[in-house]
Amino acid sequence: MGNKSKEDWILDILKVIVLSIVTIITVYPFWNIFIISINDATDAIRGGLYFLPRKLSFSSYLEILTKKTFLSSIKVSVARTVIGTPIAVLVTSMLAYALSRRDLVGRKFWNLLFIFTMYFGGGLVPYYMVLKGIHMLNTFWVFIFPLMMSVYNMILVRSYVESMPESLFEAAKIDGATDLTVFFRLVLPLSKPILMTIGLFVAVNQWNSWFDAYLYTSAQSLKPMQSVLVEILNQYQTGGSVSQQMSNAKSGMTVTPDSIRMAATMVATIPIIMVYPFIQKYFVKGIMLGAVKA
């Protein structure tokens, strides 16, 4: 501390200032959404809510959480996230390991084939017809199997595996280990950072998905939370002008389109944010090491 020069102190102060500004710019919009969501909806129409709510109210949350379909939709979202994430991580990592092996026959061809699918696809209608042909429409598994593998995630894991010493695999093979043994006993434990990283990607994608439910399911019991929130938002979308909201306030309405929108944002965001601190330590390491040869 005492050996720091004047230039070092100035640089440290500038870093603190810049990082503080970036933090405020990043966090404040989310905080503003939160205080509006817990403020009385009719009072929030006046504006001027910046740091703390003026009149505490949870009416917007009650309006969302007491919907008959909301509890069942939470179960669907949790189920597709809890089931879909480990399956996707396992399938992606197995494929990545196979494509990382130099002794794989046609290795370059298979890698190019998967990369090709990142740029060219058949389109939504052929995709829908395929799902219909394999009888996956209106089933829970339409949320799981089509999202089992992401080429982008596969490339990250493949690059991570390729960065491992080849002598490690050769030693295991000399000791009689099969590819499955190498994968489960060596690759998976050593790839924890990148696996946790792609696990976060998959979990966020599963948790936030609603368009697939809109396209491929019609049963209300299969609608995830995001789909129900979209329906609730659409119900309150009409009459969103300030004058109309003031009129609704005078008539005794306790929620407004804006308050519902803010509360829905918080309900959809907070659960997945709570997961991030547990895997944050793996995130940067996984991305950096997984991108070395990507």
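Each chain carries its own residue numbering, running from 1 in the direction its sequence is written. Only residues with pLDDT of at least 70 are given local features in this predicted model, and only at 80 or more are side-chain atom pairs given and counted; all residues enter the totals for whole chains, interfaces and linings. For the side-chain quantities, the full set of heavy atoms in the structure was used; hydrogens and water were omitted.

1. Quick word on the nonpolar core
How we decide: Nine residue types can take part in a nonpolar core, namely buried Ala, Val, Leu, Ile, Met, Phe, Trp, Tyr and Cys, and a core is a set of them joined through side-chain atoms within 4.5 Å. Burial classes: relative accessible area under 20% of the type maximum marks a residue as buried, over 50% as exposed, and values in between as partly exposed (1.4 Å probe, protein chains only). Strands are runs of DSSP state E lasting at least 2 residues, helices are runs of H or I lasting at least 4, and numbering of each runs from the N terminus. It only takes one pair of heavy atoms within 4.5 Å for two residues to be counted as in contact.
Grouped together as the largest cluster of nonpolar side chains are 22 residues, with contacts concentrated most on Y97, M154, V157, F169, V182 and V187. Only α4 (70-100), α7 (151-162), α8 (166-174), α9 (179-190) and α10 (192-208) provide two or more residues apiece to this core. Looking at this core, the element that brings in the most residues is α7, giving seven residues. Not counting residues up to four positions away in its chain, the partners in contact with M154 are T92, L95, A96, L99, F114 and M149. Counting 19 residues, the second largest nonpolar core, distinct from the first, contains I38, I64, L229 and Y236.

2. Looking at helix α1 (residues 6-37)
Quick reminder of the rule: By this rule, a helix spans an expected 1.5 Å times one less than how many residues it contains. Bend at a residue means the angle formed by two fitted axes: the first through the 7 residues ending at that position, the second through the 7 residues beginning there.
The end-to-end C-alpha distance of α1 is 46 Å, a good match for the 46 Å that 32 residues give at a rise of 1.5 Å each. At V27, α1 shows its strongest bend, of approximately 35°, with the proline P29 following within four residues. Looking at α1, one finds that the buried residues are N32, I35, I36 and S37.

3. Quick word on the UniProt feature "transmembrane region" (unreviewed entry) in the chain
Cut-off, in case you're wondering: UniProt positions are given in the numbering used here, feature names are shortened, and annotations may be inferred rather than shown by experiment.
Using the residue numbers shown here, the UniProt feature "transmembrane region" (unreviewed entry) corresponds to residues 12-31, 78-97, 109-128, 140-161, 182-204 and 260-279. Along residues 109-128 one finds 80% helix and 0% strand; the C-alpha atoms at either end are 28 Å apart. Between the first and last C-alpha atoms of residues 182-204 the distance is 29 Å; the span itself is 96% helix and 0% strand.

4. Re the packing of α9 against α10
Our working rule: Lines fitted to C-alpha atoms define the axes here, with helix axes fitted over just the stretch in contact, and angles between the N-to-C directions of these axes take values from 0 to 180 degrees. Oblique is the label for any angle not under 35 degrees, not over 145, and not in the 65 to 115 range, which are roughly parallel, roughly antiparallel and roughly perpendicular in turn. Each residue receives one of three labels: charged for Asp, Glu, Lys and Arg, nonpolar for Ala, Val, Leu, Ile, Met, Phe, Trp, Tyr, Cys and Pro, and polar for the others, Gly being one of them.
α10 packs onto α9 with a crossing angle of 70° between their chain directions and a minimal axis gap of 5 Å. Judged by the inter-axis angle, α9 sits roughly perpendicular to α10. Taken together, the residues of α10 that come into contact with α9 (itself represented by L188, P189 and L190) are K192, P193 and L195. Tallied by class, residues from the contact of α9 with α10 come to five nonpolar, no polar and one charged.

5. With respect to the side chain of N39
Which entries qualify depends on this criterion: Definition of a polar contact: a pair of N or O atoms within 3.5 Å, with one able to donate and the other able to accept a hydrogen when the atoms are protein atoms, and with sequence-neighbouring residues admitted only if both atoms are side-chain atoms.
By secondary structure assignment, the location of N39 is in the loop between α1 and α2 (41-44). Residue classification places N39 among the buried residues on the basis of a relative accessible area of 1%. A polar side-chain atom of N39 sits 2.9 Å from the main-chain amide nitrogen of K55. Setting aside anything within four residues of it in sequence, one finds N39 in contact with A44, L49, P53, R54, K55 and S57.

6. Comments concerning the pattern of salt bridges
Note the cut-off: The working definition used for a salt bridge is a side-chain nitrogen of Lys or Arg within 4 Å of a carboxyl oxygen of Asp or Glu.
Under the defined criterion, the tally for this structure stands at seven salt bridges. With a closest N to O distance of 3.9 Å, R158 and E162 form a salt bridge. In this pair, R158 and E162 both sit in helix α7, four residues apart, roughly one turn of the helix. Assigned by exposure class, R158 and E162 land together as buried. Via salt bridges that share partners, R101, R102 and E166 belong to a single interconnected network.

7. Some remarks on the environment of A268
For A268, the position within the fold is in helix α14 (residues 257-290). It is 7.0 Å that separates the C-alpha atoms of A268 and Q226, two residues lying 42 residues apart in sequence. Those residues in contact with A268 that sit more than four places away from it in its chain are W207, N208, M225, Q226 and L229.

8. Some points on the packing of aromatic side chains
Under the convention used in this document: Centres within 6.5 Å make a pair out of two Phe, Tyr or Trp rings, where for Trp the six-membered ring is used; the pair is then stacked when the planes are under 30 degrees apart, edge-to-face when over 60, and tilted otherwise.
Following the criterion strictly, the structure yields 16 aromatic pairs and no others. Judged by centre distance (6.5 Å) and plane angle (50°), the ring pair of F58 and Y61 falls under tilted. Each member of the aromatic cluster is reached from another via a ring pair, and the members are Y97, F169, F183 and F184.

9. As for a nonpolar patch on the surface
The test is simple: Surface patches are defined over residues having more than 30% relative accessible area and no salt bridge, joining like charges when they lie within 9 Å and nonpolar side chains (Val, Leu, Ile, Met, Phe, Trp, Tyr) when within 5 Å. For every accessible area listed, the method is Shrake-Rupley and the probe measures 1.4 Å; residues are considered covered only by the protein chains on display.
Side chains of I10, I13, L14, I17, I21 and I25 sit close together on the surface and give an oily, nonpolar patch of about 560 Å² of accessible area. The topology assignment puts I10 in helix α1. When its relative accessible area of 44% is taken as the criterion, I10 is described as partly exposed.

10. Let's talk about the environment of S150
Among the secondary structure elements, S150 is positioned in the loop between α6 (124-133) and α7. Between the alpha carbons of S150 and T92 there is a distance of 7.0 Å; along the sequence they are 58 residues apart.

11. Brief notes about the side chain of T217
Here T217 lies in the loop between α11 (211-216) and α12 (225-235). At a separation of 2.6 Å, a polar atom in the side chain of T217 contacts the main-chain carbonyl oxygen of A213. Beyond its immediate sequence surroundings of up to four residues, T217 is in contact with N138, T139, V142, F143, D212, L222 and K223.

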